[in-house]
Structure formats: structure tokens, C-alpha cells
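# Observations on the three-dimensional arrangement
What follows is each chain in one-letter form.
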Amino acid sequence: MGSMIRLDKFLAEMGEGSRSQVKEMVRKGRVQVNSQTVKESNEKVDPAQDLIQVDERIISYAAKEYYLLNKPQGVVSATEDRIHPTVVSLLTQARRSDLFPVGRLDIDTEGLLLITNDGDLAHRLLSPKKHVDKTYYAEISGSLPGDSQEQMERGLLLEDGTKTRPARLTILEPLEEKGRSGDGFAPSFTRVTLTIQEGKFHQVKRMFEALGCRVTYLKRISMGPLILDDDLAPGQSRPLTEEELEKLMDVSAGEVR
Ligand code: URA
């Protein structure tokens, strides 16, 4: 048997409306539990057992949801914002109303973002003790110092005095064609990937600043066992697979490195 929760809480979590809207729906006799119209929104239900309907539409139960989003630029990593669209608003398949992003990407950063309502998992994944690898693809204007890889590996001192943990820098082949950030014919930028295990504010940009360079394009391509699909366009999302979820649970439990 599952656990019992208040009917209004259940309906609000399933995205049927705010608590007060849901209470109003109950008062108007629009909500049935096991085919009986209920009048009290504080009634306890077992979402795994009871048949819950609004206007005769069955409200099926999703306890935890996990989505991988390819975050586009111009969207904020938050659940609410007055000015910009949020990452949560992009999830077309989401059922629950209590989803939130696990960590943040800057407004102008693209790429992999995990969105869930699993607070325990989020907490464990973001814990600095877990050392979950996050890999970014970046385009850098200006040229990198010759010893960039060693500096990244040793750990850098950021402008505010924080020291970064060792990070792995890979320098990619230059592209022949004009880059996203380039405005000339010859590529005036360097393409790299950088793997870090932390998530300090603007960390990747600040690490390159510490080397005297500027990030002009940034995209997260992996986080722990999650890898951004090539065919998931910016703005698109998909549920995690069972296998991804298992691996994520293993990583955050500390069983797998
Ligand atoms: N580092 C940054 O500077 N920005 C991001 O969005 C993520 C990592």
C-alpha cells in the first residue's frame, strides 16, 4: 500500500491548479474519489490505490519525474521568473507541478540540464562531496596560454580568491568554417572541453578568465552518467531512461565513481 496524502495536495502536485483552485474544484463537486464525489479537500487519499477524477477525467499518479532538457539560451534555470521563460516551462511532457532544475546554467549557457522533483537525488548530486563530473564544450576567444592544461589540472585561483579543484581541459581541432563566436574568416577562437566536479557561480567562465581568455559560447554536454543527445535540439526535453536513472542513483549513492 502507498502512503496517504491530502486530496488537495495531490491534485495541486499533479498540476490541476493551485491549492485554492483545487479546493474550489472540490467544493463545486467536480472531484471524485473511487467514483464518489467528495466535498472535503482535506480528505486523505492513497494515490497509488484510489481512482481520482476531475470532471470524470482520471488523474493518474506520477510520484517522481526526471527529464533531460537541452537548455536553450535566453531561458533561466529557475521555476519562476518575471521576465524570462523558465527551464521548467519548456517541459512539454511534465505531469507534476513541483519540478525544478538540478543546479543552474547561466542564461546564455546551453545544454544538459536535469529537471526533477526528486529533492533527495538533487541534493546528493549537487553535494561537493560526490565529485560528479560535469563536462562543458566551450569556444574561447583569444589564445590559451601554453600551459592551460596544467593550470586547470593544478587548480586555479579565481578573481575572488577561491581555488578550484583539478579540472580536465581538452583542446579540440579548430573548425574550418566560421564559428558561432567568430566574425572573420579564420577561426579566431579555440574550441575546448572542460570537465569540472564543482558548480561555483559562473565557474567555467571565471576559470578561463583566470587564464586571461573569454568564453564566447558555452554548452554543457554531460553530467555524471547523463550525456546530451546529439538529436535533442535546444528547447527539447525527454524523460530519463530507466538505465540512466539507475546509473544516476548509483553515482549519487557513491557506489560508482
Ligand atoms: N560555468 C559557467 O560559467 N556557466 C554555466 O552556466 C555553467 C558553468
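Residues numbered from 1 in each chain as written. Predicted model: local features only at pLDDT ≥ 70, side-chain atom pairs only at ≥ 80, totals over all residues. Heavy atoms only, no water.

Our focus in this paragraph is the domain arrangement of the protein. Each assigned domain of the protein is listed here: domain 1 (5-58), domain 2 (66-128 + 225-253) and domain 3 (133-223). For domain 1 versus domain 2, the separation of C-alpha centres amounts to 28 Å. At the junction of the two partners, domain 1 supplies 4 residues and domain 2 supplies 4 residues. Across the domain 1/domain 2 interface, buried area totals approximately 370 Å², and carbon plus sulfur atoms make up 39% of it. On inspection of domain 1 and its partner domain 2, the count reaches 1 salt bridge. Counted by class, the side of domain 1 that touches domain 2 contains 2 nonpolar, 1 polar and 1 charged residues. (Domains from an automatic or database assignment. Contact = heavy atoms within 4.5 Å. Buried area = accessible area lost by both parts, 1.4 Å probe. Salt bridge = Lys/Arg side-chain N within 4 Å of Asp/Glu carboxyl O. Nonpolar A, V, L, I, M, F, W, Y, C, P; charged D, E, K, R; others polar.)

A word on the packing of aromatic side chains. In this description, an aromatic ring pair is defined by two values, namely the gap between the centres and the angle between the planes. Tallied over the entire structure, the rule returns 2 aromatic pairs. The interplanar angle of 40 degrees and the centroid separation of 5.8 Å between the aromatic rings of phenylalanine 10 and tyrosine 61 together place this pair among those described as tilted. Note that phenylalanine 10 is positioned in helix 1 (residues 7-13) and tyrosine 61 in the loop between strand 6 (57-58) and strand 7 (66-71), a separation of 51 residues in sequence. Seen from their ring centres, tyrosine 137 and tyrosine 217 are 6.0 Å apart, and the 65 degrees between their planes marks the pair as edge-to-face. Of the two residues, tyrosine 137 is situated in strand 10 (residues 134-141) and tyrosine 217 in strand 13 (residues 214-223); the sequence distance between them amounts to 80 residues. Judged on exposure class, the residue tyrosine 137 and its partner tyrosine 217 are both buried. (Phe/Tyr/Trp six-rings, centres within 6.5 Å; stacked < 30°, edge-to-face > 60°. Helix = DSSP H or I, 4+ residues; strand = E, 2+ residues; numbered from the N terminus. Buried < 20%, exposed > 50% of the residue type's maximum accessible area, 1.4 Å probe, protein only.)

Turning our attention to the site of the ligand. In the vicinity of the ligand, the residues found are Leu105, Asp106, Thr109, Tyr136, His202, Gln203, Val204, Lys205 and Leu218. A distance of 2.9 Å is found between an oxygen atom of the ligand and a side-chain nitrogen or oxygen belonging to threonine 109. Calculation on the ligand without its partners gives an accessible area of 240 Å², and the protein chains cover 95% of this total. Its atoms largely coinciding with the cavity grid, the ligand occupies the largest pocket. Residue composition of the shell around the ligand, grouped by class: 4 nonpolar, 3 polar and 2 charged. If you count residues domain by domain, the shell around the ligand takes at least three from each of domain 2 (66-128 + 225-253) and domain 3 (133-223). (Near = heavy atom within 4 Å. Polar contact = N/O pair within 3.5 Å; in protein donor to acceptor, adjacent residues only side chain to side chain. Areas by Shrake-Rupley, 256 points an atom, 1.4 Å probe, with all protein chains shown as cover. 1 Å grid on protein atoms, 1.4 Å probe; cavity = no way out; pocket = protein on both sides within 12 Å on 5 of 7 lines; lining within 4 Å. Sits in = over half its atoms within 2 Å of the grid points.)

This part takes up the side chain of glutamine 53. For glutamine 53, the location among the structural elements is in strand 5 (residues 52-54). Among the polar contacts made by the side chain of glutamine 53, one reaches the main-chain carbonyl oxygen of glutamate 56 at a distance of 3.1 Å. Sequence-distant contacts of glutamine 53, defined by excluding residues within four places in its chain, comprise Arg30, Val31, Gln32, Ser35, Ile58 and Ile59.

So, on to the layout of surface pockets. A volume near 550 Å³ is recorded for the largest pocket. Lining the largest pocket are 29 residues, and of these Arg104, Tyr136, Gly199, Lys200 and Phe201 sit closest to its centre. Of all the secondary-structure elements, those providing two or more residues to the lining of the largest pocket are helix 3 (119-126), strand 10, helix 5 (203-210) and strand 13. Here the residues of the lining of the largest pocket are counted per class, giving 13 nonpolar, 8 polar and 8 charged. Residue contributions to the lining of the largest pocket reach at least three from each of two domains, namely domain 2 (66-128 + 225-253) and domain 3 (133-223). (Points joined across faces, edges and corners; volume = space filled by probe spheres on them.)

Attention now goes to the pattern of salt bridges. Inspection of every chain in the model, using the stated rule, returns 18 salt bridges. For glutamate 24, the salt bridge is made with lysine 28, and the minimal N-O distance between the two is 3.6 Å. Owing to a relative accessible area of 57%, lysine 28 belongs among the exposed residues under this scheme. Here aspartate 160 makes a salt bridge to arginine 206, at a shortest N to O gap of 2.9 Å. Residue aspartate 160 is found in the loop between helix 4 (148-154) and strand 11 (168-171), and its partner arginine 206 is found in helix 5; the two are separated by 46 residues along the sequence. The class for arginine 206 is buried, based on a relative accessible area of 10%.

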